[in-house]
Amino acid sequence: MKILKLFFIIFFIFSFNHLGANTDDMKIKITKNLRCLICQGQSVYDSDSEFANSMKVLVDKKLNEGFSEKQIYDFFKEKYGEWILYDPELNKNTYILWLLPILIFLIGGAIVVKNFKIRK
Amino acid sequence: MNNKILKITTTAIFIIIFVVFYKALQDTNIYTPKKKSNNEIPLFSANLFYSNKQINSSELFKLDKFYLLNIWSSWCVPCRTEHPLLMDLTKNKKIEIIGLNYKDKKNNAENFLNELGNPYQEIIFDKEGINAIEWGAFGVPESFLINNGIVIKKYIGPLNKELVEEIRLLIK
């Protein structure tokens, strides 16, 4: 019985550690995708400015309140605009950004294929 | 003929690259969030500076009144410059100034107010800088002119005489 109790205690400790690790991973993921407005070019995760540190605290707070990753991004987007995200979402303002590389790749590919056929 | 086409194409590409680079280098690459106005004030709860009492935004900003929310800190040099202008604005009874003390030490903030005067009706104590983010601010000082729970105007950076005059005209 004692062994069983001990097993449960260890199991719960590890479960909580796992939960904590999940939140930490999510916090790192989110802060790495947020730009710092003070040290531009650095992510919130990398920056140690007052603003970035406050953002880190707020991300932590929102995660503890049960906010999802998307809800947190939406929150910051509403406050500072799409620019705050390193990985902008696909919408009417960013579709060129997303589609242009694919389009260039396709056109380039077509030129290569055409040249290859001509040489043959 | 082929040589002529090559020359024209090279010149055209060079001109395009030059124009693109010239334009890109002319523009500032420092991003400043758009000064969105006519937005509702954020819903938040915060601690008051003197009483440490927790208060909601709705209790702080009543309708049918003008408010100026000023984000300040004792360590912020431009806040010192704009402070006399805020003191002057307190003479106008149509507006109440609410302070948001940003990431400051209470002692230093108190000394700042004792030295330069206290223009604030209430002060929010934002030790971690979270409330400032709720307002969409990213530095100090910043000010928000509010009426009926709506942000009419946002001022990034210290207020000057012209901006205070603009506030006076807006609340007339």
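Our structure's up above, just so we're on the same page.
Residues numbered from 1 in each chain as written. Chains lettered and ligands numbered in written order. Predicted model: local features only at pLDDT ≥ 70, side-chain atom pairs only at ≥ 80, totals over all residues. Heavy atoms only, no water.

Participant: Sorry, what's going on with the packing of helix 3 (residues 77–89) of chain B against helix 4 (residues 106–116) of chain B here?
Facilitator: In a pair of packed helices, the angle between the axes and the distance between the axes together describe the arrangement. All names here are of chain B. In the contact formed by helix 3 and helix 4, the axes pass within 11 Å of each other and the chain directions differ by 50°. Considered as vectors, helix 3 and helix 4 are oriented oblique to each other. Handedness of the crossing formed by helix 3 with helix 4: right-handed. Taking contact as the criterion, the partners of Cys-79, Arg-80, His-83 and Met-87 in helix 3 are, on helix 4, Phe-112, Leu-113, Glu-115 and Leu-116. Along the lines of polarity and charge, the residues of the contact of helix 3 with helix 4 split into five nonpolar, one polar and two charged. (Axes fitted to C-alpha atoms, helices over the stretch in contact; angles between N-to-C directions. Helix = DSSP H or I, 4+ residues; strand = E, 2+ residues; numbered from the N terminus. Parallel < 35°, antiparallel > 145°, perpendicular 65-115°, else oblique. Left-handed = near helix turned anticlockwise from the far one by under 90°. Contact = heavy atoms within 4.5 Å. Nonpolar A, V, L, I, M, F, W, Y, C, P; charged D, E, K, R; others polar.)

Participant: What am I meant to see in the sheet that holds strand 8 (residues 150–156) of chain B here?
Facilitator: Sheets are built from strands paired through backbone hydrogen bonds, the pairs being either parallel or antiparallel. All names here are of chain B. A sheet is described by the order of its strands in space; here eight strands give the open sequence 1-8-7-4-5-6-2-3, paired in mixed fashion. Edge positions in the sheet fall to strand 1 (39–40) and strand 3 (54–56), since each has one partner strand and no second. As defined by bridge partners, strand 7 (residues 142–147) adjoins strand 8 across six bridges and the pair is classed as antiparallel. Across the sheet, Leu-145 pairs through a bridge with Lys-153, a residue of strand 8. Here helix 3 sits on the sheet and contacts strand 4 (66–72), strand 5 (95–102) and strand 7; the angle it forms with strand 4, its principal contact strand, is near 160°. (Pairing = 2+ DSSP bridges.)

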